[in-house]
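An overview of the molecular structure
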Amino acid sequence: MNQFERIQYLAERVMQQEASQAELEELSGILDMENDNTVQFLEQLVEAKMPVDRIPLSGEEIRQMSAAILQIDKPGDTLVVKMPRRSILRRWWVAASVIILLGIATYLWINDKATSPVSVVKDQTPIQPGRSGAILTLADGSELLLDSVGNGVIATEKGSQALIQDGRLAYKPSGEKNTEIVYNTMSTPRGRQFRLSLPDGTQVWLNSASSIRYPTTFAGTDRKVEITGEVYFEVAQKASQPFFVKAGDRAEVQVLGTQFNVNAYDNETALSTTLLEGAVKVNGAMIKPGQQAKVLNDGPVGAVQVAYTDINKVMAWKNGRFNFEGANIEEIMRQIERWYDVEVKYEGKKPRVEFEGQMTMDVSLNGLIVLMEKAGIHLHLNGRTLTVLP
């Protein structure tokens, strides 16, 4: 077996999820060599459509998750967790596509086979990732759990019907005449996300631990909703009825037919509104597509800071991914708390880290702990308490 036959054999073993740790390390060593012939051969393997269908991820997901391959570097007393930098850029892409997150992301199957230690209390029930679900609070205060409701009408209130359509909540007129405006509230507990179609056709996505309050019929000269947590909007254009989003007392977003994300979690450092398309005003300040308006929690009331931002990072949650680019340990742990419904505690000095990379959100918490351990971040899970160790 020559070198290229060996590479093909190893790549196929990894893609079939049958590679041993020794084989993983061997292929990793080959990919670390600056060899254009090897790169070219791997590119040909990718183009030949190797059996990626045996992996529970799409090719795009594999490329996105490839950023989770981390390496530890300690300049001074600051721990920087980052992806390896390749002098041949295309080799990095091929390596990511072919070996499917060699190193850290092998947790996708290492965790299933229990071949890697996880710092958890004995007999700990595995904590699964979040899923689709929400609570709908009707005008009379009654609550409906939407986690597993099938398609169809679930409530009728004063001129409108609430129904489930293809996994999202929607509204339609009931045929009954009514002049009274009533409000519903959709809320997502920790570990849940859900989608909503407002009565005007505006599409809404709620992240974990979020809520939106809205009328079941938009009447009058404008459309107003109130939110907490993180919510993404694709607003239906209606020039005669401007759309407003209110986030507590900190910010009001005036919408002019657009796509945007509002992160208004109370425990974040700022309320952030990020514009993908169209135009919005945040507390009167206009922002452009690709820009983010921040209202700092400890800043002057209503003051807005505007700057361009990384749209992919902001929208990762809606696309089923964690994006840890430039995040510190506290930022990451806040995301973990919301998605896995756990309480995070710190023992001793907090690790001083900055992460780079992405990963899908469909891995169990134990799998995430494996990833963190490989990155040098030590965690201990006891019940639903996750402790960050020094």
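Counting from 1, residues in each chain are numbered in the order their sequence is written. Only residues with pLDDT of at least 70 are given local features in this predicted model, and only at 80 or more are side-chain atom pairs given and counted; all residues enter the totals for whole chains, interfaces and linings. For the side-chain quantities, the full set of heavy atoms in the structure was used; hydrogens and water were omitted.

Remarks on the sheet that holds strand E26 (residues 385-388)
Any two strands with at least two DSSP bridges between them are considered paired. What counts as a helix is a DSSP run of H or I of at least four residues, what counts as a strand is a run of E of at least two, and both are numbered from the N terminus. Spatial strand order, E23-E26-E25: 3 strands in an open sheet with mixed pairing. A single partner strand is all that each edge strand has here, and the edge strands are strand E23 (343-346) and strand E25 (379-382). Strand after strand, the sheet turns through a mean of 25 degrees between neighbouring axes, direction not considered. Bridging between E23 and E26 involves 4 bridges; their strand directions are parallel. Bridge pairing links Lys345 to Thr387 in E26. Contacts are assigned to residue pairs that have any heavy atoms within 4.5 Å of one another. Axis angles are defined between N-to-C directions and span 0 to 180 degrees, where every axis is a line fitted to C-alpha atoms and, for a helix, only to the segment in contact. Contacting E23, E25 and E26, helix H8 (residues 329-340) crosses the sheet at an angle of about 155 degrees to E23. Sheet strands in contact with helix H9 (residues 365-374) are E25 and E26, and its direction is about 160 degrees off that of E25.

A closer look at the packing of H8 against H9
Close contact between H8 and H9 brings their axes to 12 Å; oriented N to C, the two are set at 165 degrees. Overall, the two elements H8 and H9 adopt an arrangement that is roughly antiparallel. H9 is crossed by H8, and the crossing has left-handed handedness. Contact residues: H8 offers Ile332, Met333, Ile336 and Tyr340, while H9 offers Leu365, Leu368 and Met372. Gly is put with the polar residues, along with every residue not named as nonpolar or charged; the nonpolar set is Ala, Val, Leu, Ile, Met, Phe, Trp, Tyr, Cys and Pro, and the charged set is Asp, Glu, Lys and Arg. When the residues that make up the contact of H8 with H9 are grouped by side-chain class, the tally is 7 nonpolar, no polar and no charged. Small angles under 35 degrees read as roughly parallel and large ones over 145 as roughly antiparallel, with 65 to 115 read as roughly perpendicular and the rest as oblique. Handedness of a helix crossing follows the sense of rotation of the near helix relative to the far helix, less than a right angle counterclockwise being left-handed and clockwise being right-handed.

Some words on the packing of aromatic side chains
Two descriptors summarise a pair of aromatic rings, namely the distance from one centre to the other and the angle between the planes of the rings. Here the aromatic set is Phe, Tyr and Trp, taking the six-membered ring for Trp, and pairing holds for ring centres within 6.5 Å; pairs whose planes are under 30 degrees apart are stacked, those over 60 apart are edge-to-face, and all others are tilted. Scanning the model with the defined rule gives 7 aromatic pairs in all. On the basis of an interplanar angle of 65 degrees and a centroid distance of 6.0 Å, the ring pair of Phe233 and Phe243 is categorised as edge-to-face. Here Phe233 is found in strand E13 (residues 223-234), whereas its partner Phe243 is found in strand E14 (residues 243-247), with 10 residues between them in sequence. When accessible area is computed with a 1.4 Å probe and restricted to protein chains, residues below 20% of their type maximum are described as buried, those above 50% as exposed, and intermediate ones as partly exposed. Using a relative accessible area of 0% as the deciding quantity, one classes Phe233 as buried. On the basis of relative accessible area, Phe243 is assigned to the buried category, the value being 0%. Taken together, a centroid distance of 6.4 Å and an interplanar angle of 25 degrees make the contact between Phe322 and Tyr340 stacked. Pair noted here: Phe322 is in strand E22 (residues 321-323) and Tyr340 is in helix H8, with a separation of 18 residues, a long-range link. Using a relative accessible area of 2% as the deciding quantity, one classes Phe322 as buried. Taking the relative accessible area as the measure of exposure, Tyr340 reaches 1% and is therefore buried. Grouped by ring-pair contacts, the aromatic residues Phe218, Phe233, Phe243 and Phe260 constitute a single cluster. Only when the NZ atom of a Lys or the CZ atom of an Arg is both within 6 Å of the ring centre and within 35 degrees of the ring normal do we say a charge sits over the ring. One residue, Lys318, lies across the ring of Trp205, its end atom 4.6 Å from the ring centre.

As for the nonpolar core
Grouped together as the largest cluster of nonpolar side chains are 39 residues, with contacts concentrated most on Leu169, Met186, Ile212, Tyr214, Phe233 and Phe260. Among the elements that make up this core, the one with the highest residue count is E13 (4 residues). Excluding anything up to four places from it in sequence, Phe260 contacts Val231, Tyr232, Phe233, Val235, Val245, Val253, Val255, Thr273, Thr274, Leu275, Leu276 and Val280. Buried Ala, Val, Leu, Ile, Met, Phe, Trp, Tyr and Cys residues that are joined via side-chain atoms within 4.5 Å together make up what is termed a nonpolar core. The next biggest cluster of nonpolar side chains, apart from the first, holds 28 residues, and it includes Ala327, Val363, Ile369 and Ala375.

With respect to the pattern of salt bridges
We define a salt bridge as a contact between a side-chain nitrogen of Lys or Arg and a carboxyl oxygen of Asp or Glu at a distance within 4 Å. Across all of its chains, the model carries 10 salt bridges by this definition. Between Arg338 and Glu268 there is a salt bridge; the shortest N-O distance is 3.1 Å. Linking Arg338 in helix H8 with Glu268 in the loop between strand E16 (259-264) and strand E17 (270-277), this pair joins segments that are 70 residues apart in sequence. The pair Arg338 / Glu268 is uniform in exposure class, with both members buried. Sharing partners across several salt bridges, the network here consists of Arg131, Asp147 and Arg192.

Details of the pairing of E17
Remark: a regular strand shows side chains that alternate across the two faces of the sheet. Burial of E17 is extensive: 6 of the 8 residues sit out of reach of the surface. The pairing of E16 with E17 spans 5 bridges and is antiparallel. Bridge assignment links Val262 to a residue of E17, and that residue is Thr273. Between E16 and E17, which pair antiparallel in sequence order, lie 5 residues. The pairing of E17 with strand E20 (residues 291-296) spans 5 bridges and is classified as antiparallel. Considered in E20, the bridge of Leu271 is made with Val295.

Describing the side chain of Glu230
Considering the arrangement of structural elements, one finds Glu230 in strand E13. It is Arg338 that comes nearest to the buried, bridge-free Glu230 among opposite-charge side chains, at 5.5 Å. A 3.5 Å cut-off defines polar contacts: any pair of N or O atoms within that distance qualifies, except that in protein one atom must be a possible hydrogen donor and the other a possible acceptor, and neighbouring residues in sequence count only when both atoms are side-chain atoms. Within polar-contact distance, the side chain of Glu230 engages the side chain of Trp317 at 3.2 Å. In this structure, Glu230 is in contact with Trp205, Leu206, Asn207, Ser210, Asn261, Val262, Asn263, Tyr265, Val314 and Trp317, ignoring residues within four places of it in sequence. By the counting rule applied here, Lys and Arg register as positive and Asp and Glu as negative, while His and the ends of each chain are not counted.

Observations regarding the confidence of the model for the protein chain
The quantity known as pLDDT measures the predictor's confidence residue by residue, on a range of 0 to 100. Mean pLDDT over the protein chain stands at 78; residues scoring 70 or higher make up 71%. In the model, residues 49-117 has pLDDT below 50 throughout and makes 156 contacts with residues more than four positions away in sequence or in other chains.

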